[in-house]
Amino acid sequence: MNVSSRPDAVNIGAIFTFNSVIGRAAKVAIDAAVEDINSNPAVVGGTKLVLNMQDANFSGFLGVVKALQFMATDIVAIIGPQSSAVAHVISHVANELQVPLLSFSVPDPKMSDEC
């Protein structure tokens, strides 16, 4: 008997500002990518991606709160945020919990190259 160790679903979180140029484009692109992956069982062996998108609403604080809420669930990776300052803070939490973070953040001129 061959028992599959693949889960039925993998939960991924996304944090960005829905009502921004980048956020509107990211929402469409991420939704389309998840739909493409889920429509082809050969891509991830029948496991479905489940996407949980959260709106940071232009708030660094809200972005951090949303990331911390993801950390309390079974999210295995986070996409976003679009702010480099928030991405920097969230990266510390994600690193400690060993959750990959893929940020498409816009560089913040206030941050040094060392951050």
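Predicted model only: the values in this text are computed from it and were never measured.

Reading guide: rules and limits
Residues numbered from 1 in each chain as written. Predicted model: local features only at pLDDT ≥ 70, side-chain atom pairs only at ≥ 80, totals over all residues. Heavy atoms only, no water. Buried < 20%, exposed > 50% of the residue type's maximum accessible area, 1.4 Å probe, protein only. Helix = DSSP H or I, 4+ residues; strand = E, 2+ residues; numbered from the N terminus. Pairing = 2+ DSSP bridges. Axes fitted to C-alpha atoms, helices over the stretch in contact; angles between N-to-C directions. Parallel < 35°, antiparallel > 145°, perpendicular 65-115°, else oblique. Left-handed = near helix turned anticlockwise from the far one by under 90°. Contact = heavy atoms within 4.5 Å. Nonpolar A, V, L, I, M, F, W, Y, C, P; charged D, E, K, R; others polar. Expected span 1.5 Å × (residues − 1). Bend = angle between axes of the 7 residues up to and from the residue. Phe/Tyr/Trp six-rings, centres within 6.5 Å; stacked < 30°, edge-to-face > 60°.

Visitor: Describe the pairing of strand E1 (residues 9–16), with residues and values.
Guide: One face of the sheet, then the other: side chains in a regular strand alternate in exactly this way. With six of its eight residues buried, E1 lies for the most part within the structure. Pairing of E1 with strand E2 (residues 48–55), which is carried by eight bridges, proceeds in the parallel orientation. Paired with Asn-11 across the two strands is Val-50, which belongs to E2. Summarising the sheet, E1 and strand E3 (residues 75–79) pair through four bridges and their orientation is parallel. Note on E3: the bridge partner recorded for Asn-11 is Ile-75.

Visitor: Break down the packing of helix H3 (residues 60–71) against helix H4 (residues 84–97) for me, with residues and values.
Guide: Relative orientation of the contacting elements H3 and H4 amounts to 15 degrees, with a least axis distance of 9 Å. Judged on the interaxial angle alone, H4 and H3 are roughly parallel. In this structure, H3 crosses over H4, and the sense of that crossing is right-handed. Residues Gly-60, Gly-63, Val-64, Ala-67, Leu-68 and Met-71 of H3 form the contact with H4, whose participating residues are Val-86, Val-89, Ile-90, Val-93, Ala-94 and Leu-97. Tallied by class, the residues present in the contact of H3 with H4 amount to 10 nonpolar, two polar and no charged.

Visitor: Quick one: what's the story with H4, residue by residue and with numbers?
Guide: Three- or four-residue spacings in an α-helix give side chains the same orientation, since the helix completes a turn every 3.6 residues. If you check H4, its first and last C-alpha atoms are 20 Å apart, about what 14 residues at 1.5 Å a residue would give, namely 20 Å. Along H4, the sharpest change in direction is near 25 degrees and occurs at Ile-90. Every buried residue of H4 is listed here: Ser-84, Val-86, Ala-87, Ile-90 and Ala-94. Elements in contact with the buried residues of H4: E1, H3 and strand E4 (101–102). In the segment just after H4, Gln-98 is the residue with positive phi, at about 55 degrees.

Visitor: I'd like to hear about the packing of aromatic side chains, residue by residue, with values.
Guide: For the structure on display, the rule yields one aromatic pair. With centroids separated by 5.2 Å and ring planes inclined at 55 degrees, the aromatic side chains of Phe-16 and Phe-18 adopt a geometry described as tilted. The class of Phe-16 is buried, set by a relative accessible area of 0%.

Visitor: Can you lay out the sheet that holds E2 for me, pointing to particular residues and giving the numbers?
Guide: Here four strands make up an open sheet; going across it, the order is E2-E1-E3-E4 and the pairing parallel. Either end of the sheet is taken by a strand with one partner, and the two such strands are E2 and E4. Across the sheet, H3 is in contact with E1, E2 and E3; its angle to E1 comes to roughly 170 degrees.

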